[in-house]
Amino acid sequence: MRPAIRPAVIEDLPAIVELDEVCFGAEAWSATAWQGEFDRLAEDRVILVADEGTVAGYVVLLVPPVEVDVVELLRIAVAPAERRTGIGGQLMKAALARCAGRTVLLEVAASNDSAIGLYGGFGFDEISRRRGYYAGGEDAVIMRWRETA
Ligand SMILES: CC(C)(COP(=O)(O)OP(=O)(O)OC[C@H]1O[C@@H](n2cnc3c(N)ncnc32)[C@H](O)[C@@H]1OP(=O)(O)O)[C@@H](O)C(=O)NCCC(=O)NCCS
């Protein structure tokens, strides 16, 4: 069964923190950092979860209230056992549906083939790189999406 994509509620916080640790390890956001994301929901954050009884994935967007400002896709992840079943695509589709008429930017490690494959499939193009941006000297790829008519 495909999960439902819905806005996150504060009750999701522990499950999201746990899944973030599984997905990002040392790069995971702390519970305090996640609380900060939830605190900004009324301001400029959109957090969506893939809900199949448990949280199977999530996406975080920074959506500035000023329409001409770019949206940033801050994070997206799917539980390892559930990857490649379309959940990341479901999350992206729901996220981009909230970005009509806007430009969306994201930053991704150059070696992250799965994420780059996902983003490319939704029409994100590489526009720039930050050379040696990550620990270990890996490049960050900056990708951009704009709604096409
Ligand atoms: C990136 C991620 C969210 C993709 O989620 P997913 O649920 O596996 O994605 P989907 O099943 O919807 O795949 C959608 C498309 O993405 C691309 N894709 C996904 N995994 C891929 C892989 N391992 N290699 C190449 N392309 C891949 C494919 O184009 C795929 O379409 P297809 O299955 O029809 O070929 C998931 O791999 C993940 O959580 N990675 C760890 C966290 C992360 O690195 N997040 C991004 C940085 S914030």
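As a starting point, this report considers the structure included with it.

Scoring rules and cut-offs
Residues numbered from 1 in each chain as written. Predicted model: local features only at pLDDT ≥ 70, side-chain atom pairs only at ≥ 80, totals over all residues. Heavy atoms only, no water. Pairing = 2+ DSSP bridges. Helix = DSSP H or I, 4+ residues; strand = E, 2+ residues; numbered from the N terminus. Axes fitted to C-alpha atoms, helices over the stretch in contact; angles between N-to-C directions. Parallel < 35°, antiparallel > 145°, perpendicular 65-115°, else oblique. Left-handed = near helix turned anticlockwise from the far one by under 90°. Contact = heavy atoms within 4.5 Å. Nonpolar A, V, L, I, M, F, W, Y, C, P; charged D, E, K, R; others polar. 1 Å grid on protein atoms, 1.4 Å probe; cavity = no way out; pocket = protein on both sides within 12 Å on 5 of 7 lines; lining within 4 Å. Points joined across faces, edges and corners; volume = space filled by probe spheres on them. Near = heavy atom within 4 Å. Polar contact = N/O pair within 3.5 Å; in protein donor to acceptor, adjacent residues only side chain to side chain. Areas by Shrake-Rupley, 256 points an atom, 1.4 Å probe, with all protein chains shown as cover. Sits in = over half its atoms within 2 Å of the grid points.

With mixed pairing, seven strands are arranged side by side in an open sheet as β1-β2-β3-β4-β5-β7-β6. With one partner strand each, in any of the chains shown, β1 (4-7) and β6 (125-130) form the two edges of the open sheet. Across this sheet, the average inter-strand angle for adjacent strands is 25°, counted without regard to direction. Note that strand β2 (residues 45-51) and strand β3 (residues 55-62) share seven bridges and pair antiparallel. In the sheet register, Arg45 faces β3, and the bridge partner there is Leu62.

Attention now goes to the packing of helix α1 (residues 13-24) against helix α2 (residues 31-39). For the pair α1 and α2, the least separation of the axes is 10 Å and the interaxial angle reads 130°. On the basis of the axis angle, α1 is oblique to α2. Between α1 and α2 the crossing geometry is right-handed. For the pair α1 and α2, the contacting residues are Leu13, Ile16, Val17 and Asp20 in the first and Ala31, Trp34, Gln35 and Phe38 in the second. Of the residues assigned to the contact of α1 with α2, the class counts are six nonpolar, one polar and one charged.

This part is about the layout of surface pockets. Considered as a void within the structure, the largest pocket measures approximately 1,300 Å³ in volume. Phe24, Ile76, Asn112, Ala115 and Tyr119 are, among the 36 residues lining the largest pocket, the residues nearest its centre.

Moving on: the site of the ligand. As a matter of local geometry, the ligand sits amid 19 residues, with Ile76, Arg84, Gly88, Gly89 and Asn112 nearest to it. Interatomic distance of 2.8 Å between a backbone N/O atom of Gly88 and an oxygen atom of the ligand. Here Leu118 contributes a backbone N or O atom positioned 3.4 Å from an oxygen atom of the ligand. Out of a free accessible area of 920 Å², the ligand has 72% covered by protein chains. Here the ligand occupies the largest pocket. Secondary structure elements with two or more residues in the shell around the ligand: β4 (71-78), α3 (87-97) and α4 (113-121). Its residues assigned to classes, the shell around the ligand comprises eight nonpolar, seven polar and four charged.

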